[in-house]
Amino acid sequence: MKKAKPKDSLKAFERERRQADKRKYVLRLYVTGMTEKSTQAIENIRQICEAYLKGRYDLEVIDVYQQPVLARGDQIIAAPTLIKKLPLPLRRCIGNLSDREKVLLGLDLKGIE
């Protein structure tokens, strides 16, 4: 097996990073009405998306009381819950999303800052 040269690895990494910068993110945030945690989660994810994904994301906010079928379909057991549908792999973050580092890690954006 041929060993990759450091320059080849760097080029592959840079190519992957450019592709990652173009990916569209599809996110669903499940909330429970307009509770304090829900409003915090909405504000936190909007700030993160505008800072790191400007123009490359679709964010759907779903109230589990208004659309329980969607919540069941995505197996939501706690709210607020953020689901990253795309790009794969699917990921979930639970809570008000105030820990930016954990959210960035969950969205696979850690290191893109």
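You'll find the structure just up there.
Residues numbered from 1 in each chain as written. Predicted model: local features only at pLDDT ≥ 70, side-chain atom pairs only at ≥ 80, totals over all residues. Heavy atoms only, no water.

1. Quick notes on the pattern of salt bridges
Under the convention used in this document: The salt bridge definition used is simple: a Lys or Arg side-chain nitrogen within 4 Å of an Asp or Glu carboxyl oxygen. Per the convention used, a helix needs a DSSP run of H or I reaching at least four residues, while a strand needs a run of E reaching at least two, with both numbered from the N terminus. Between buried and exposed lies partly exposed: a residue is buried under 20% and exposed over 50% of the maximum accessible area for its type, with that area taken using a 1.4 Å probe on protein chains only.
Applying the stated criterion across every chain, the model contains eight salt bridges. Across the pair D108 and K84 runs a salt bridge, and its minimum N-O distance is 3.1 Å. Placement of the pair is D108 in the segment after helix 4 (100-106) and K84 in strand 3 (residues 81-86), with a sequence separation of 24 residues. We classify K84 as buried; its relative accessible area is 1%. Sharing partners across several salt bridges, the network here consists of R28, E60, D74 and K85.

2. What about the sheet that holds strand 3?
This is how the line gets drawn: Paired strands, in this sense, are two strands between which DSSP finds at least two bridges. Between the N-to-C directions of two axes lies an angle of 0 to 180 degrees, each axis being a line fitted to C-alpha atoms and, for a helix, fitted only over the stretch in contact.
In spatial order, the strands read 2-1-3-4; together these four strands make up an open sheet with mixed pairing. Each end of this open sheet is capped by a strand with a single partner; those strands are strand 2 (57-63) and strand 4 (91-94). Across the sheet, the mean angle from the axis of one strand to that of its neighbour is 20°, orientation sign disregarded.

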